[in-house]
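Here's the letter readout for the chains.
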Amino acid sequence: LRVTDVENFCSFRAALFAEGERLLVSRRDDLIRHVSHRLDEGAHFLVATTNEDIPPLPKSSPSWDFSFQPSLDVREMLCQKLDDGQTLVGMLECSTAEFKLPTHSLDINNVYLVALGIHPLCRRQGIASQLLDAANEYAKQKEARALWLHVENDNQNAIHFYQAANFTRQDSSRPDSHGRQLAVSLGINPDLHISFCRDVATATV
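Fair warning: this is a prediction, and the values are worked out from it, not measured in the lab.

Caption draft 1: Examining the packing of aromatic side chains more closely. Applying the stated criterion across every chain yields a total of 5 aromatic pairs. Geometrically, the ring pair formed by Phe9 and Phe45 is edge-to-face, given 5.4 Å between the ring centres and 75° between the ring planes. Linking Phe9 in helix α1 (residues 6-16) with Phe45 in strand β2 (residues 44-50), this pair joins segments that are 36 residues apart in sequence. With respect to class, Phe9 is no different from Phe45; both count as buried. Aromatic pair Tyr162 and Phe167: ring centres 5.5 Å apart, planes at 75°, arrangement edge-to-face. Judged by relative accessible area, Phe167 falls into the buried class, the value being 4%.

Pasting the structure below:
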């Protein structure tokens, strides 16, 4: 992700995880500041793109804005292009900063997968798996041992996806377990989330 693409990327990311068809401008602007800060911290943002235009999602219902604050149409926010003209269809944030915290005992040589999202019209096409492969390559460059992530324990689609991608569910029941330590360190409720881990592949395809 280039610095010049941050604003369009943030509009895309905000729309991926938005609830409803409207998003406050202030929420999008907060995300721009957050992503800029994460880039300064060394976070790595992977993007999947296409040279084709993606049509806006159809309206599921009348979208009324009762907030009386400036807001954006989420359907339009999903249609974002980078400076090179490519259309965004997916994103994945990778970071090593989470393993440098002093509040857990995990090895620092790991990579944390913060957020993975795919455009609703582009799902089930292997894009998420390609982003995971790219994250694995990034982890190799960092000489990391494993990829870690958390999933809400009621998100069955995500759970099945990561299990199919050879991620292993980690024990979070004991206070000293790595999965629980990491979750608590990141402000994540370990009783409502599942910790997954996968060793970084060493074989080249």
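Caption draft 2: Structural detail: the environment of Ala134. Relative to the assigned elements, Ala134 resides in helix α4 (residues 127-141). Between the C-alpha atom of Ala134 and that of Leu46, which follows or precedes it by 88 residues, the distance is 7.5 Å.

Caption draft 3: Here's a closer look at the sheet that holds strand β4 (residues 87-95). Spatially, the 6 strands line up as an open sheet ordered β2-β4-β5-β6-β8-β7, and their pairing is mixed. The two strands at the open ends of the sheet, each matched to only one other strand, are β2 and β7 (168-170). Averaged over all pairs of adjacent strands, the angle between strand axes in this sheet comes to 30°, irrespective of strand direction. With 7 bridges joining them, strand β6 (residues 146-152) and strand β8 (residues 193-199) adopt antiparallel strand pairing. In the strand pairing of β8, Leu147 is matched with Arg198. The sheet strands contacting helix α2 (residues 25-41) are β2, β4 and β5 (110-118), and the helix crosses β2 at an angle near 120°. Taken strand by strand, helix α5 (residues 156-164) contacts β5, β6 and β8, and its axis lies near 160° from that of β6.

Caption draft 4: Structural context of the nonpolar core. Ranked by internal contacts, the top residues of the largest apolar core, which has 30 residues, are Leu92, Cys94, Val111, Leu113, Leu131, Tyr162 and Phe167. Of all the elements in the fold, those that place two or more residues in this core are β2, β4, β5, α4, β6, α5 and β8. The dominant element in this core, judged by the number of residues it contributes, is α4, at 7 residues. Setting aside anything within four residues of it in sequence, one finds Leu131 in contact with Leu46, Val47, Ala48, Gly90, Met91, Leu92, Leu116 and Ile118.

Caption draft 5: Layout of empty space enclosed by the protein. Going through the model one piece at a time under the given rule, you end up with 1 cavity of 30 Å³ or more. If you add up the space inside the largest cavity, you get close to 30 Å³. Lining the largest cavity are Arg38, Glu41, Gly42, Ala43, Ser95, Thr96 and Ala97. Taken together, the residues of the lining of the largest cavity break down into 2 nonpolar, 3 polar and 2 charged.

Caption draft 6: Layout of the layout of surface pockets. Looking at the largest pocket, its volume works out to about 1,200 Å³. Lining the largest pocket are 30 residues, with Phe17, Leu116, Asn155, Ala158 and Tyr162 sitting closest to its centre. Put simply, the parts of the chain that give the lining of the largest pocket at least two residues each are β5, α4, β6 and α5. Residue contributions to the lining of the largest pocket peak at 7 residues, all from β5. Across the lining of the largest pocket, the residue classes break down as 19 nonpolar, 8 polar and 3 charged. Considering only enclosed or pocket space, the second largest pocket measures out at about 250 Å³ in volume. Residue lining of the second largest pocket: Arg13, Ala14, Phe17, Leu31, His34, Val114 and Ala115, and that is the complete set. If you list the elements that add at least two residues to the lining of the second largest pocket, you get α1, α2 and β5. A class-by-class count of the residues in the lining of the second largest pocket yields 5 nonpolar, 1 polar and 1 charged.

Cut-off values and rules
- Residues numbered from 1 in each chain as written.
- Predicted model: local features only at pLDDT ≥ 70, side-chain atom pairs only at ≥ 80, totals over all residues.
- Heavy atoms only, no water.
- Phe/Tyr/Trp six-rings, centres within 6.5 Å; stacked < 30°, edge-to-face > 60°.
- Helix = DSSP H or I, 4+ residues; strand = E, 2+ residues; numbered from the N terminus.
- Buried < 20%, exposed > 50% of the residue type's maximum accessible area, 1.4 Å probe, protein only.
- Pairing = 2+ DSSP bridges.
- Axes fitted to C-alpha atoms, helices over the stretch in contact; angles between N-to-C directions.
- Contact = heavy atoms within 4.5 Å.
- Core = buried A, V, L, I, M, F, W, Y, C linked by side-chain atoms within 4.5 Å.
- 1 Å grid on protein atoms, 1.4 Å probe; cavity = no way out; pocket = protein on both sides within 12 Å on 5 of 7 lines; lining within 4 Å.
- Points joined across faces, edges and corners; volume = space filled by probe spheres on them.
- Nonpolar A, V, L, I, M, F, W, Y, C, P; charged D, E, K, R; others polar.

On their own, these measurements won't tell you what the molecule is for.
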